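# Residue-level structure breakdown
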Amino acid sequence: MDSLPETPRHSALTLHHLAVEQELGASNYKPLDVMLTRGERVWVWDLEGRKYLDCLSAYSAVNQGHCHPKILEAMVAQAQRLTLTSRAFHHDQLAPFYEDLCALTRSHKVLPMNSGAEAVESALKVARKWGYEIKGVPDEQAEVIVCTENFHGRTIAIVGFSTDPTSRHHFGPFSGGFKVVPYGDAAALAAAITPNTVAFLVEPIQGEAGVIIPPAGYLREARRLCTEHRVLLILDEIQTGLGRTGKLLAEEHEAIESDLTLVGKALSGGFYPVSAVLSPREVLFVLNPVEHGSTFGGNPLACAVARAAMRVLVEEGMIENSARQGARLLAGLQSLSANTVREARGRGLMLALELHADAGGAKPYVKRLRDLGILCKETHEHTIRIAPPLVITEAEVDWAVERFQAVFGG
Ligand SMILES: *Cc1c(COP(=O)(O)O)cnc(C)c1O
C-alpha cells in the first residue's frame, strides 16, 4: 500500500509521526513519503537529515524561498506588537499594505482575504453584485463562465463548477449559475456569453491541470470579448502571480488587464495565509459595509508579512530570476529522453514534464527523484509539476537537471 512507509528510509521518530497522522488525521491528502522539518531558500531537510531541492514550493506559495530572513523579521516584529484587531477597528498596517499592493500591481482597490478559495468566492460574490446593480442583470439570473479542468479551490461553490469528478463527487447539491467552456477556446467562450453573463473566471495558465498553457492570443481575445459584452474578466493568478511565470502577473504575457485579479499563495512568501481581490475602482465599489468580510482578512500580521514578501520579490530580482532560470531549466528538461518524456513545457519557473501514457505513471519517477534529492509532485497520472522557489541559482538549476537526466535519461 502506497501510504505505508518504506521502513528503511525512516527513523523511529518519523514512523511515529506517520502512525499518528494516520490515526488522528483526516486522510484527505496522500503526501509523498518524506517528513520535513526545516527549510532554507530552495532547500528542505527531513527528520533523518537528508537535504532536498524543493521543486513544488508549496504549490507556488514559497516563491521567495523557505524562511526568507526579511519576511521572518517582519513577521516577528509585527507579532510582538499587534496581530489581530478584526476589521471592527482600524489598524496601522492596512493602509501601507494597500499602498504597496496597489503600487506593485497597478490596482485601484483591494479586498483582503486569507486563503485563495476565499479570494475566489469573494470575487464571485462581487461579480454577481456588480451584474445585478451595474450591468442590470435580472435578479437571481447571473451567470459566470468557467473553464474545463479549472482549479479555483475547495469550497462547495467552487467544486460545484469543477470538471474533476473526484473534487465534486458526493459534495452536492451545488450552487447554480455556472457554465463550463473548454479552456483555451475563445470561440466557445464567445458562444457561451449571454446578456446575463457577469464574469469569465479563468487561470492564465492552468496549474493543477498540469501547467496547461493556452494558445497565444487566447487571453487577449477573452479580454476583447469580455469588454465587448460587458463581462468581468476575473484572472485567478493565485498560482501564476507574483513572479512565478517570469512576470509579476501572467496577464503581462499578453499585455492585458483584468477587471478582477486574484492573488494569494506567494503574497505572504509561505509564512501565513494572505490573499486579495484586486480591481479597478468601478467593480469593488459595489461592496458596502457588513455585506462581506472575514475575521482575519487584512489583519496586521498578514499585512506586515505580505509587505515584506512583496518587497523582497522586487528588491531581490526574483521575477527576473524566474524568467532567466526558468528558461535554463526548461531547456534542461527539454533535453530529457523522448522515450519517457512526452513533453517538457512551462513559462518562467512554472514547469511540467508530461510523460508518455505507457510510462507507468509519474509516481515511480517522483519517488526516484526524491531518492536523488529532488522533491516534486505528480499531478494527474502522467504529469510532474516542477516549480522551485524563484531564488534558485544557475548552479542549482544545473544540479537539478543532472538529477532529472539520471532519472529520465538525457
Ligand atoms: C491554490 C489555488 C487556489 C486555492 O487557494 P487556497 O489557498 O488553497 O484556497 C485557487 N486558485 C488557484 C489557481 C490555485 O492554484
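Residues numbered from 1 in each chain as written. Predicted model: local features only at pLDDT ≥ 70, side-chain atom pairs only at ≥ 80, totals over all residues. Heavy atoms only, no water.

### Quick word on the domain arrangement of the protein
Domain parsing of the protein yields domain 1 (26-55 + 317-408) and domain 2 (74-315). The gap between the C-alpha centroids of domain 1 and domain 2 is 27 Å. Each partner contributes to the interface: domain 1 provides 21 residues, whereas domain 2 provides 24 residues. Together domain 1 and domain 2 conceal approximately 1,800 Å² of surface at their shared face, both sides included; 60% is due to carbon and sulfur atoms. Considering only the surface of domain 1 that becomes buried against domain 2, Ile 319, Arg 347 and Met 350 emerge as the three largest contributors, covering 42% of it. For Glu 208, the salt bridge is made with Arg 385, and the minimal N-O distance between the two is 2.8 Å. Between domain 1 and domain 2 we count 13 residue pairs in polar contact (both at pLDDT 80 or more) in total. At the level of elements, helix H12 (318-334), strand S11 (341-347), strand S12 (350-355) and strand S15 (383-386) are the ones that each hand at least two residues to the side of domain 1 that touches domain 2. (Domains from an automatic or database assignment. Contact = heavy atoms within 4.5 Å. Buried area = accessible area lost by both parts, 1.4 Å probe. Salt bridge = Lys/Arg side-chain N within 4 Å of Asp/Glu carboxyl O. Polar contact = N/O pair within 3.5 Å; in protein donor to acceptor, adjacent residues only side chain to side chain. Helix = DSSP H or I, 4+ residues; strand = E, 2+ residues; numbered from the N terminus.)

### Observations regarding the layout of surface pockets
The gaps of empty space that remain are located by a probe, the size of a water molecule, rolled over the atoms. In this structure, the second largest pocket occupies an estimated 530 Å³ of space. In this structure, the second largest pocket is lined by 19 residues; those nearest its centre are Arg 87, Tyr 98, Leu 111, Leu 287 and His 292. At the level of elements, helix H4 (94-105) and strand S4 (109-113) are the ones that each hand at least two residues to the lining of the second largest pocket. No other element matches S4, which puts 5 residues into the lining of the second largest pocket. Here the residues of the lining of the second largest pocket are counted per class, giving 11 nonpolar, 6 polar and 2 charged. (1 Å grid on protein atoms, 1.4 Å probe; cavity = no way out; pocket = protein on both sides within 12 Å on 5 of 7 lines; lining within 4 Å. Points joined across faces, edges and corners; volume = space filled by probe spheres on them. Nonpolar A, V, L, I, M, F, W, Y, C, P; charged D, E, K, R; others polar.)

### As for the pairing of strand S3 (residues 51-54)
With 3 bridges connecting them, strand S2 (residues 43-46) and S3 associate as antiparallel partners. Of the residues in S3, the one forming a bridge with Val 44 is Tyr 52. The turn joining S2 and S3, which pair antiparallel and follow one another in sequence, is formed by 4 residues; a positive phi near 90° is taken by Gly 49. Bridge count for S3 against strand S13 (residues 374-375) is 2 bridges, and the pairing is parallel. If you follow Asp 54 over to S13, its bridge partner there is Leu 375. (Pairing = 2+ DSSP bridges.)

### Considerations on unusual backbone geometry
Each neighbour pair has its own omega, and for Gly 172 with Pro 173 the value is 0°, a cis peptide bond. Along the chain, Pro 173 falls in the loop between helix H7 (165-168) and strand S6 (178-181). The backbone of Ala 58 sits at a positive phi, close to 50°, despite the residue not being glycine. Among the structural elements, Ala 58 can be located in helix H2 (residues 57-60). Assessed through its relative accessible area of 38%, Ala 58 is described here as partly exposed. The backbone of Ser 60 sits at a positive phi, close to 75°, despite the residue not being glycine. One can find Ser 60 in helix H2. (Buried < 20%, exposed > 50% of the residue type's maximum accessible area, 1.4 Å probe, protein only.)

### Quick word on the side chain of Thr 379
Tracing the backbone through its elements, the reader meets Thr 379 in strand S14 (residues 377-379). Relative accessible area serves as the criterion here: at 7%, Thr 379 is assigned to the buried category. At 2.6 Å, the side chain of Thr 379 and the backbone oxygen of Glu 208 are in polar contact.

### Some details on the sheet that holds strand S10 (residues 275-279)
On the basis of which strands lie adjacent, the open sheet formed by 7 strands has the order S4-S10-S9-S8-S7-S5-S6 and mixed pairing. Strand pairing shows two members of the sheet lacking a second neighbour, S4 and S6, which therefore form its edges. On average, adjacent strands in this sheet sit at an angle of 20° to one another, irrespective of strand direction. Bridging between strand S9 (residues 260-263) and S10 involves 3 bridges; their strand directions are antiparallel. Residue pairing in the sheet places Leu 262 in a bridge with Val 277 of S10. Strands S4 and S10 of the sheet are contacted by H4, whose axis makes an angle of about 120° with S4. (Axes fitted to C-alpha atoms, helices over the stretch in contact; angles between N-to-C directions.)

### Concerning the nonpolar core
By size, the foremost hydrophobic cluster in this structure holds 70 residues, and its most contacted members are Phe 97, Leu 267, Leu 353, Ile 384, Phe 404 and Phe 408. Sort the elements by how many residues they give to this core and helix H11 (residues 300-315) lands first, with 10 residues. Shared between two domains, this core holds at least three residues of each, these being domain 1 (26-55 + 317-408) and domain 2 (74-315). Setting aside residues no more than four positions away along its own chain, Phe 408 makes contact with Leu 336, Ser 337, Thr 340, Val 341, Leu 353, Leu 355, Tyr 365, Leu 369 and Ile 384. Counting residues in hydrophobic clusters, the runner-up holds 28 residues, among them Val 146, Ile 234, Val 277 and Leu 284. (Core = buried A, V, L, I, M, F, W, Y, C linked by side-chain atoms within 4.5 Å.)

### Quick word on H4
The end-to-end C-alpha separation of H4 is 16 Å, in line with the 16 Å expected for 12 residues at 1.5 Å each. Among the residues of H4, those classed as buried are Leu 94, Pro 96, Phe 97, Leu 101, Cys 102, Leu 104 and Thr 105. Contacts made by the buried residues of H4 are with S4, S10 and H11. Once H4 finishes, Arg 106 follows within two positions and takes phi at roughly 50°, a positive value. (Expected span 1.5 Å × (residues − 1).)

### Topic: the packing of aromatic side chains
Taken as a whole, this structure holds 5 aromatic pairs when the rule is applied. Taken together, a centroid distance of 6.1 Å and an interplanar angle of 40° make the contact between Phe 97 and Tyr 98 tilted. We classify Phe 97 as buried; its relative accessible area is 1%. Given a relative accessible area of 22%, Tyr 98 falls into the partly exposed group. Consider the rings of Tyr 183 and Tyr 218, whose centres lie 5.7 Å apart with planes at 75°: the pair is edge-to-face. In this pair, Tyr 183 is assigned in the loop between S6 and helix H8 (186-192) and Tyr 218 in helix H9 (residues 218-228), connecting sequence segments 35 residues apart. Residue classification places Tyr 183 among the buried positions, given a relative accessible area of 14%. Under the relative-accessibility criterion, Tyr 218 is labelled buried at 3%. Positioned above the aromatic ring of Trp 45, the side-chain terminus of Arg 38 is 4.0 Å from the ring centre. One cation-aromatic arrangement involves Lys 51 over Trp 43; the distance from NZ or CZ to the ring centre is 4.4 Å. (Phe/Tyr/Trp six-rings, centres within 6.5 Å; stacked < 30°, edge-to-face > 60°. Lys NZ or Arg CZ within 6 Å of the ring centre and 35° of its normal.)

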